[in-house]
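Now for the letters of each chain:
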Amino acid sequence: TNIKYSDSKYYKPTPIEAERLQTLPDNYTAVGIFDGKEKPISNTQRYKMLGNGWTVDVIAHILSFIPEKYLHTVVSLFDGISCGQVALERAGKVYNQYYASEIDKYAIAVTQKNYPHTIQLGNVTKIDWDAFLIFSPWNMKNLERVLDLINISFTQKSRKKMFLKFINGSRC
């Protein structure tokens with residue numbers, strides 16, 4: 001996105017300036033891990049990922065209202081470049097495991113560079129939720145409690161019910 005600074009002139013922020021607008025650390029998206037090796041990320045991909053990302057400080061502020069300091073397991077659907085992990089850190093939240101569902105190879109590479117212990121689940125539509133919930137240290141009852149806590153996206157019980165049906169393998 002270009003920034004207008006006079007009647008006829010526009011300025012395109014650099015990738016670092018775009019990271020700062022999203023309140024991410026400088027060069028957060030500059031390098032990714034591909035096949036175990038660090039490789040630079042093109043500016044085009046950086047702009048795309050930053051445009052799809054969250055403004056971290058806003059999310060950190062929201063997360064700061066979750067009363068628990070320790071969250072054993074975090075599952076992030078459509079994780080992108082893991083702005084959620086940055087926000088959790090800034091909100092003072094501690095977690096044991098972070099699972100991420102993402103399909104963009106550049107976003108995954110940036111996540112793995114910045115958070116190498118992230119467990120990638122792949123495409124959200126292809127996750128075996130039954131196996132995940134069995135082998136995960138938490139279960140459906142805990143997931144319902146988490147959904148009640150965040151209650152942001154699930155303001156209507158019907159939405160929450162549809163989501164729980166979806167991850168249980170039922171189609172609505």
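Now for a quick tour of the structure. (Residues numbered from 1 in each chain as written. Predicted model: local features only at pLDDT ≥ 70, side-chain atom pairs only at ≥ 80, totals over all residues. Heavy atoms only, no water.)

1. Remarks on the overall build of the chain
1) Next: Check the secondary structure of the chain and you find eight helices and seven strands.
2) Next: Looking at the 172 residues of the chain, the share that counts as buried comes to 37%.
3) Next: Restricting to contacts in the chain with at least 6 residues of sequence separation, those with at least 24 account for 57%. (Helix = DSSP H or I, 4+ residues; strand = E, 2+ residues; numbered from the N terminus. Buried < 20%, exposed > 50% of the residue type's maximum accessible area, 1.4 Å probe, protein only. Contact = heavy atoms within 4.5 Å.)

2. Brief notes about the packing of aromatic side chains
Both the distance between ring centres and the angle between the ring planes are used here to describe each pair of aromatic rings.
1) Next: In the structure shown here, the tally under the stated rule is two aromatic pairs.
2) Next: For the ring pair F34 and Y106, a centre distance of 5.9 Å and an interplane angle of 70° mean the geometry is edge-to-face. Taken together, the positions of F34 in strand β3 (residues 31-34) and Y106 in helix α5 (residues 105-114) put the pair 72 residues apart, joining distant regions of the chain.
3) Next: Given the relative accessible area of 17%, F34 is considered buried.
4) Next: Of the residues examined, Y106 reaches a relative accessible area of 24% and is grouped as partly exposed.
5) Next: Measuring from centroid to centroid gives 5.7 Å for Y95 and Y98, while their planes differ by 50°, and the two rings are tilted. (Phe/Tyr/Trp six-rings, centres within 6.5 Å; stacked < 30°, edge-to-face > 60°.)

3. Some points on the pattern of salt bridges
1) Next: Across all of its chains, the model carries five salt bridges by this definition.
2) Next: Where E19 meets R46, a salt bridge forms, and the shortest distance between an N and an O atom there is 3.0 Å. Taken as a pair, E19 in helix α1 (residues 15-21) and R46 in helix α2 (residues 43-52) lie far apart in primary sequence, 27 residues in all. Here E19 and R46 have matching classes, each one buried.
3) Next: The shortest N-O distance in the salt bridge between K48 and D104 comes to 2.6 Å. Linking K48 in helix α2 with D104 in the loop between β6 (94-101) and α5, this pair joins segments that are 56 residues apart in sequence.
4) Next: By relative accessible area, K48 is classed as partly exposed at 34%. (Salt bridge = Lys/Arg side-chain N within 4 Å of Asp/Glu carboxyl O.)

4. Notes on the environment of V58
1) Next: Residue position: V58 is located in helix α3 (residues 56-63).
2) Next: Through-space distance from the C-alpha of V58 to that of A87 is 8.2 Å; in sequence the pair is 29 residues apart.

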